[in-house]
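A closer look at the structure
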Amino acid sequence: MTHANHSGRTARFFRCSIAAAALLLAPGLATAQDRVHFQYSWLPTGEYAPISAGIERGVFRRQNIELTYSTGRGSGDAVRRIAAGASPFGDGDISAVMDARMRENAPVRCIMMQHAMSPHSLFVLESSGITSIQQLAGRTLATTPGNSHFIYFPLVARMNGLDPSTVRWITVDSAAMAPMLITRRVDGAPLFATHLYYQNKQAERMGQRIRAIPFAEHGFRIYSYCWTATEETIRTNPEMVRRFLAAVHESYLWAKDNVDEAARLHNRRHPDVAADDAAGSMRIMFEYMFPDAQALANFGQADRARLQETYRVVALSQNHPADADVTQFVDTRYAPPPR
């Protein structure tokens, strides 16, 4: 072998080694992508646009996560699916987490808080003449299995002088609640205030308008939605939990400042959700997520006093022991720290 050939082979070896090292260090290629499934608690309405935007913009990929998701039929249903091991992560109302743990010791915890203020509301038609909780006696309301509104309603009713037993509930599919209200088959449907924009568009096509009666305006000031995980996921893969929450956190903060673009990206993934509907939902949602600067700075974290108050409300509504340790419901160690 000549000296020239030896030198050429040596140079090629080093070039290949450098190229291989560069690939290993490239963002998103340092490790294999974790395939992660996320269980939505609801239909892919505009509230989920930040997740769509995070996927489309590569936020989850940069955290080495290939995210897939399934739609849901309510918080209670989502918590049951996660507890059964169908998904490592999900979202849902903290009341469903508390109720499932107290009744069944379900191995699910809130790992990052979403709403600083509850967006729970009751939707009624303006033509019904209903303007308050007190006027629901003798009325028929729709709900879904495990719906967090249904869990809270007895307490909200009593707080406002209404005997909850005077209200009749029927259980329906999540997609049927608003249409049943608009067509007057029920007198009310408990939905998040974030749904008002696009549901009103549907109602107006039928010559109706929807009025929202927010629980928060009737003495109800508690935590609402959170992102959830199984205890096994938290215990066995805390680093993946940290990366998942970092991507969710970044996606929602970006969407807050880029509502219309996030709505467009959501529409790309879900053409049946109009971009303006998604934008309308997000604008209302962010009012409940970030009602003030402190809520924005502490996004994702759980305040012990509000957590205690939330459990007090759930315990009263569902006849759970008043003295339960509230730390069992949350584990926010891997959520991004306050800013």
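Being a predicted model, the structure only gives us computed values, none of them experimental.

What follows concerns the packing of helix α2 (residues 49-56) against helix α10 (residues 238-257). At their nearest, the axes of α2 and α10 sit 8 Å apart, and the two run at 110° to each other. Judged by the angle between their axes, α2 and α10 are roughly perpendicular. Mapping the contact onto sequence places Pro50, Ile51, Ala53 and Gly54 in α2 and Val248, Ser251, Tyr252, Trp254 and Ala255 in α10. Here the residues of the contact of α2 with α10 are counted per class, giving seven nonpolar, two polar and no charged.

What follows concerns the state of the cysteines. By definition, a disulfide links two cysteine residues through a covalent bond between their sulfur atoms. Summed over the entire model, instances satisfying the criterion amount to one disulfide. In this model Cys110 forms its disulfide with Cys226; the gap between the sulfur atoms is 2.1 Å. One quick way to see it: the torsion about the S-S bond of Cys110 and Cys226 is about -50°, and its sign makes the bridge left-handed. You can see Cys110 sitting in strand β4 (residues 108-113) and its partner Cys226 sitting in strand β10 (residues 225-230), a full 116 residues away along the chain. Accessibility assignment for this pair places Cys110 and Cys226 in one class, buried.

Here we take up the pattern of salt bridges. If you walk through the whole model with that rule in mind, you get 21 salt bridges. Across the salt bridge formed by Asp331 and Arg333, the nearest N and O atoms sit 2.8 Å from each other. The exposure class of Arg333 is exposed, given its relative accessible area of 55%.

One pass over the full model with this rule turns up 16 aromatic pairs. Between Phe150 and Trp169, the aromatic rings sit 5.1 Å apart at their centres with planes inclined by 85°, giving edge-to-face as the arrangement. Separated by 19 residues along the polypeptide, Phe150 in helix α6 (residues 148-159) and Trp169 in strand β7 (residues 168-171) bring together distant segments of the chain. Judged by relative accessible area, which is 39%, Phe150 ranks as partly exposed. An aromatic cluster is defined as three or more aromatic residues linked by ring pairs; in this entry it consists of Phe38, Tyr40, Tyr48, Phe60, Tyr69, Phe89 and Phe244. Over the aromatic face of Trp254 sits the side chain of Arg57, whose NZ or CZ is 4.1 Å from the ring centroid. Against the face of Tyr223 rests Arg306, its NZ or CZ located 5.8 Å from the ring centre.

Quick look at the packing of helix α4 (residues 75-83) against helix α5 (residues 94-104) now. As a packed pair, α4 and α5 sit with axes 9 Å apart at the nearest point and diverge in direction by 55°. By the criterion of interaxial angle, the relationship of α4 to α5 is oblique. The way α4 lies across α5 gives a crossing that is right-handed. Between α4 and α5, the residues in contact are Ser75, Gly76 and Val79 and Ala96, Val97 and Ala100, respectively. When grouped by side-chain class, the residues that make up the contact of α4 with α5 number four nonpolar, two polar and no charged.

To continue, consider the sheet that holds strand β5 (residues 120-125). Strands sit in the order β8-β5-β9 across an open sheet of three strands; the sheet is antiparallel. Two strands lie at the open edges of the sheet, namely β8 (189-192) and β9 (210-214), each paired on one side alone. Shown here is a sheet whose adjacent strand axes are inclined to one another by a mean of 40°, direction ignored. Contacting β5 and β8, α6 runs over the sheet at an angle of about 90° to β5. Relative to β9, helix α8 (residues 196-205) is tilted by about 150°, and along the sheet it contacts β5, β8 and β9.

What counts as what
- Residues numbered from 1 in each chain as written.
- Predicted model: local features only at pLDDT ≥ 70, side-chain atom pairs only at ≥ 80, totals over all residues.
- Heavy atoms only, no water.
- Axes fitted to C-alpha atoms, helices over the stretch in contact; angles between N-to-C directions.
- Helix = DSSP H or I, 4+ residues; strand = E, 2+ residues; numbered from the N terminus.
- Parallel < 35°, antiparallel > 145°, perpendicular 65-115°, else oblique.
- Contact = heavy atoms within 4.5 Å.
- Nonpolar A, V, L, I, M, F, W, Y, C, P; charged D, E, K, R; others polar.
- Disulfide = S-S within 2.5 Å.
- Buried < 20%, exposed > 50% of the residue type's maximum accessible area, 1.4 Å probe, protein only.
- Salt bridge = Lys/Arg side-chain N within 4 Å of Asp/Glu carboxyl O.
- Phe/Tyr/Trp six-rings, centres within 6.5 Å; stacked < 30°, edge-to-face > 60°.
- Lys NZ or Arg CZ within 6 Å of the ring centre and 35° of its normal.
- Left-handed = near helix turned anticlockwise from the far one by under 90°.
- Pairing = 2+ DSSP bridges.

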